[in-house]
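Below are the chains, spelled out letter by letter.
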2 protein chains.
Amino acid sequence: MATYDLESFYNGLVSHGLIIPTTVQGAFGRGAVFEDVLEAFNRAVTRISKDDGAEVYTYPPVIDRVVLEKVDYMDSFPHLSGTIHSFFGKDKQAKELSAKIHAGDPWGEYMGMTAVTLNPAACYPVYPHLGARPLPSDGRLVTMTNWVYRHEPSPEPTRMQAFRVREFVRAGTPDTVIDWRDTWLERGYSLLSELGLPARKDVAADPFFGRGGKMLQDGQKAQKLKFEVLVPVISESDPTACCSFNYHVDKFGNLFDIKTPSGETAHTACLGFGLERVTMALFKAHGFVPAEWPASVRAILWPS
Amino acid sequence: MATYDLESFYNGLVSHGLIIPTTVQGAFGRGAVFEDVLEAFNRAVTRISKDDGAEVYTYPPVIDRVVLEKVDYMDSFPHLSGTIHSFFGKDKQAKELSAKIHAGDPWGEYMGMTAVTLNPAACYPVYPHLGARPLPSDGRLVTMTNWVYRHEPSPEPTRMQAFRVREFVRAGTPDTVIDWRDTWLERGYSLLSELGLPARKDVAADPFFGRGGKMLQDGQKAQKLKFEVLVPVISESDPTACCSFNYHVDKFGNLFDIKTPSGETAHTACLGFGLERVTMALFKAHGFVPAEWPASVRAILWPS
């Protein structure tokens, strides 16, 4: 019977060189073996979906601030956001800034907000792109591996400030999108299960900000807009979301003018694997040495 | 004779699906073919250095703000920095923030500086790690591929806000470090030349901020602390730095307490390939369709 304990799991990741602690929470380095597993899992996702013919993109960790404003991100998750600020002053202000820093005083006031923020969801950059021209009759399917940011420093290794998400986005008619989402919910669950992970599916909700947050969560659950595939990694009672599905109905279609060929507003859905989380779930389930993992698991990750 | 022209090069990258414009400068998406070339070049760097036995790490795009403070980054390059800010308020402030955004008013004042900033140089996260214990007698060699940030929005495709650097860091005695730097300066130049790029080496300087910047640049050049391998991509007279070498003497050794086994302060040097820039240099030199590139170039990038 597996036991779950944050500290011993974290210490095992560190002592095996899988993660390299830094002086700030949730921003550790990844060692070569950790990356090897992460990339192997990402390739396995590519293999099981290769007949779907997704367009492949890579976006940088930063995104136009206007996209976040447009999708009302700051209404729902201001506490998780990461806006990017820089220095716009002249020599005089630069001298003051330098003096503040050398004195150990706060210096945030010298920084001005830039046109970019950190990207909080791997799928966001693609919606403006999907809206640039009408969708083909069978819609569009896009996949990306992007770094995303959440301001939630934590000693929990599975809760990071920066991590990678392997994301798929489907845009098209409601039927197309829901069928695709349901196919992947089964496929994602099967992949994680075949990798020997104690996975289960559940309806889920986002961590909305503030007093109204609970109501928004209840609404999201009632409408079954969000599903997750959960795997216990540091806790059995509070398992880790390793794969997340969001059905946006026509939200992004409306905001970014994504249209079906008949001129109707497209529906969209996305699914993302948290690559570091899946990697950690594998280390938790099978131990810290991939060479010793079950042959069935290794065959999926490193097929000959 | 090659001609250089920003607009036609940018339009070619876009029309071939190599980069995907977004609504903000220097933060475009990368297409599958672009990534294929970038990854092939990165693997070529791994191959030519495999006997060096570098330790391999991956760091996230964010770094402890204290590291930037410690290395005096804000004294030298405040205008390029990207500090990360988030929302620390309660419901009342969140409502005000939301109202500002929906009214189209500035809202930076509602954001507070976090403990992390974007990482402006791929090597920074590794120095605190190198200082954790004395170096072995032959020093240490580390390599990483990290996303870095510079606040310099520009229509030039080679000048990005976020890009990847394949970096090597060498720490040890002065002789060890300088020998290694010189070996790589030749090796980096040869690799780019063998890839059919019109590369040349030059002494270089960093874009220091403000009125004192020119003096700092002159000093850096006089001491030959920085070298670059340059390739014309968008301009012949102002070629693009595709590979950059920095000798830090004992700066990071002192700051992060990196010691040789005999207890002396270690010297450090780093070299980094700007992966997007090398990729763009290849498209400039050989055209927008990798399948049509010279066999000698393809053999290095995609050896059978």
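Just above, that's the structure.
Since the model is a prediction, treat every value here as computed from it, not as a measurement.

Basis of the calculations
- Residues numbered from 1 in each chain as written.
- Chains lettered and ligands numbered in written order.
- Predicted model: local features only at pLDDT ≥ 70, side-chain atom pairs only at ≥ 80, totals over all residues.
- Heavy atoms only, no water.
- Contact = heavy atoms within 4.5 Å.
- Salt bridge = Lys/Arg side-chain N within 4 Å of Asp/Glu carboxyl O.
- Polar contact = N/O pair within 3.5 Å; in protein donor to acceptor, adjacent residues only side chain to side chain.
- Helix = DSSP H or I, 4+ residues; strand = E, 2+ residues; numbered from the N terminus.
- Nonpolar A, V, L, I, M, F, W, Y, C, P; charged D, E, K, R; others polar.
- Pairing = 2+ DSSP bridges.
- Axes fitted to C-alpha atoms, helices over the stretch in contact; angles between N-to-C directions.
- Least-squares fit on C-alpha atoms with pLDDT ≥ 70 in both.

K.L.:
When you look at the interface of chain B and chain A in this model, what are you seeing that I'm missing?
P.N.:
Interface size, as often reported, equals the accessible area lost upon joining of the parts. Counting residues at the interface gives 61 residues for chain B and 61 residues for chain A. Among the salt bridges present, the one from Arg211 of chain A reaches Asp91 of chain B, with a minimum N-O distance of 3.6 Å. Across the chain B-chain A interface, the total number found is 24 residue pairs in polar contact (both at pLDDT 80 or more). Broken down by element, the residue count for the side of chain B that touches chain A peaks at 6 residues, all from helix H5 (residues 91-103) of chain B. Partitioned by chemical class, the residues of the side of chain B that touches chain A number 30 nonpolar, 20 polar and 11 charged. Pairing between strand S3 (residues 55-58) of chain A and strand S2 (residues 29-31) of chain B: 2 bridges, direction antiparallel.

K.L.:
Would you mind going over the sheet that holds strand S6 (residues 112-118) of chain A with me for this structure?
P.N.:
The strands that make up a sheet are held in pairs by hydrogen bonds between backbone atoms, and each pair lies either parallel or antiparallel. Strands sit in the order S4(A)-S6(A)-S5(A)-S5(B)-S6(B)-S4(B) across an open sheet of 6 strands; the sheet is antiparallel. Edge positions in the sheet fall to strand S4 (62-64) of chain A together with strand S4 (62-64) of chain B, since each of these pairs with one other strand and no more. The average angle at which neighbouring strand axes cross in this sheet is 50 degrees, direction not considered.

K.L.:
Just checking my understanding: could you explain the sheet that holds strand S1 (residues 19-20) of chain B for this structure?
P.N.:
Overall, mixed pairing links the 9 strands, which are arranged S9(A)-S10(A)-S11(A)-S12(A)-S8(A)-S7(A)-S3(A)-S2(B)-S1(B) in an open sheet. Only two strands of the sheet have a single partner each, and these edge strands are strand S9 (200-203) of chain A together with S1 of chain B. With 6 bridges joining them, strand S10 (residues 226-231) of chain A and strand S11 (residues 240-249) of chain A adopt antiparallel strand pairing. Bridge pairing in S11 of chain A places Glu228 of chain A opposite Ser244 of chain A. Here helix H10 (residues 275-286) of chain A sits on the sheet and contacts strand S7 (140-149), strand S8 (162-172), S10, S11 and strand S12 (267-274) of chain A; the angle it forms with S12 of chain A, its principal contact strand, is near 40 degrees.

K.L.:
Got a minute to help me understand the relation of the copies chain B and chain A in this structure?
P.N.:
At an RMSD of 0.0 Å, chain B and chain A line up after a rotation of 180 degrees and a shift of 0.0 Å along the axis. As the rotation angle and translation indicate, the two copies are arranged about a two-fold axis. Judged by C-alpha distance, Ile84 of chain B is the residue of chain B that lies nearest the rotation axis, at 2.5 Å. When the interface residues of chain B are mapped onto chain A, 100% of them are again interface residues, pointing to one common binding face.

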